[in-house]
Amino acid sequence: MMGPSHALSGAAVWLAGSWALNQFAGYEQSPLAIAVGTAVCAGGALFPDLDMSGKVTRNQGGATVARTFGVVSLFFAEVMEKISLGVYHATKLSKDPHRNNGHRTLTHTLPFTALVGWGTTALCTAYGKWAVIGILFFMIGLALRGLFDEWAKRAGWVIVTIVSLAAAYFTFLHLPGDRGYPMLGLAVGVGCFVHIMGDIITSAGVPILWPIPIKRRMWMMIGIPNKIAVKVGGKVETVVLRGVFTVVSVLATAGLLAPSVLRRFNIEV
């Protein structure tokens, strides 16, 4: 799927999950915590595509999200793509095809998803709010690039960077500092998983079973048949799926905010 669809799916899943936790488990979150989790999950839903490199010196090519912070993020994507390709060649079996790039390999696996989620939590636990600010800055930038794609393209990476810094600093001022922020790691991990699920419904598929060998292949691409697969950039993705994600996001947000609004006006239901 395309970047905006990935980001919107991450936001929808987080909002719906937050509503479900509130409704059935009594787990309440502040509006700021919900907003932060939604942004991080939306950014996490774009993170796996930072394995598509481009021309760093020209700030061209690669996935759109790889240019979120200009040549800096594009260089990061270049490094991630090379690492992914290296892991592919180091672990591939006899039936795995030769590859010249690492896109849709390591970063599109469940072990990577678990590692990123755990690593985020470990960083936040070890370094507290300073790690949180760095993670928020990066993930909010990705979320802005995905959720507001056309605006981000017009504004340019400098504006996106400034807005991300401002949002991260605002969070720094308002989030408590005496906690490990495990929900951030969960949000990043859930976002990466949602990305994999989005790509698995396309014909290209993802190596979701890695590192389990299947028929002398370590990197078996799992997808759905072309007849029913979602065409990247097609009407099903851009109209139907994005429409569903938008409706879910709006309904979940309303469900989360309605009780507090009603209490504010002393209305009981």
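Everything below is about the structure printed above this text.
Model, not experiment: these values are computed from the prediction.

Student: How should the overall build of the protein be read in this particular structure?
Tutor: Tallying secondary structure elements over the protein gives eight helices and two strands in all. When the helices and strands of the protein are placed in sequence order, the string is α-α-β-β-α-α-α-α-α-α. The C-alpha atoms of the protein give a radius of gyration of 19 Å, which matches the 18 Å a tight globule of 269 residues would have. With the C-alpha coordinates of the protein rotated into their principal frame, the extents come out at 65 × 40 × 35 Å. For the protein, the proportion of its 269 residues judged to be buried stands at 43%. Counted over contacts in the protein with a minimum sequence separation of 6, partners at least 24 positions apart contribute 69%. Surface summary for the protein: the accessible area is close to 13700 Å², and the carbon and sulfur share equals 69%. Averaging the positions of the 22 positive and the 12 negative side-chain charges in the protein gives two centres separated by 8 Å.

Student: I keep staring at the packing of aromatic side chains and nothing clicks. Help me out?
Tutor: Each pair of aromatic rings is reported with the distance of its centres and the angle of its planes. Scanning all chains against the criterion turns up 10 aromatic pairs. Summarising the aromatic geometry, the rings of Tyr169 and Phe172 are spaced 6.1 Å apart at their centres and angled 15° between planes, so their arrangement reads as stacked. Of this pair, Tyr169 and Phe172 both sit in helix H6 (residues 157–174), three residues apart, which is roughly one turn of that helix. The class of Phe172 is partly exposed, set by a relative accessible area of 22%.

Student: Sorry, what's going on with the environment of Val65 here?
Tutor: Positionally, Val65 belongs in the loop between strand S2 (60–61) and helix H3 (71–91). C-alpha separation for the pair Val65 and Gly146, spaced 81 residues apart in sequence, amounts to 7.1 Å. With residues near it in sequence (within four places) discarded, Val65 still touches Leu46, Asp49, Leu50, Leu142 and Arg145.

Student: Hey, could you run me through the nonpolar core in this one?
Tutor: Proteins that are soluble and globular tend to have nonpolar side chains buried together. Counting residues in each nonpolar core, the largest one holds 45 residues, and the members touching the most others are Val40, Phe47, Leu50, Leu136, Met139, Leu142 and Leu184. Among the secondary structure elements, those contributing two or more residues to this core are helix H1 (3–25), helix H2 (31–44), H3, helix H4 (110–147), H6 and helix H7 (182–200). Counting residues per element, this core draws most heavily on H4, which supplies 13 residues. If we skip the residues at most four places from it in the chain, Leu50 touches Val65, Ala66, Phe76, Ala77, Met80, Phe138 and Leu142.

Definitions and cut-offs
- Residues numbered from 1 in each chain as written.
- Predicted model: local features only at pLDDT ≥ 70, side-chain atom pairs only at ≥ 80, totals over all residues.
- Heavy atoms only, no water.
- Helix = DSSP H or I, 4+ residues; strand = E, 2+ residues; numbered from the N terminus.
- Rg over C-alpha atoms; globule rule 2.2 N^0.38 Å.
- Buried < 20%, exposed > 50% of the residue type's maximum accessible area, 1.4 Å probe, protein only.
- Contact = heavy atoms within 4.5 Å.
- Areas by Shrake-Rupley, 256 points an atom, 1.4 Å probe, with all protein chains shown as cover.
- Lys, Arg positive; Asp, Glu negative; His and termini not counted.
- Charge placed at Lys NZ, Arg CZ, Asp CG, Glu CD.
- Phe/Tyr/Trp six-rings, centres within 6.5 Å; stacked < 30°, edge-to-face > 60°.
- Core = buried A, V, L, I, M, F, W, Y, C linked by side-chain atoms within 4.5 Å.

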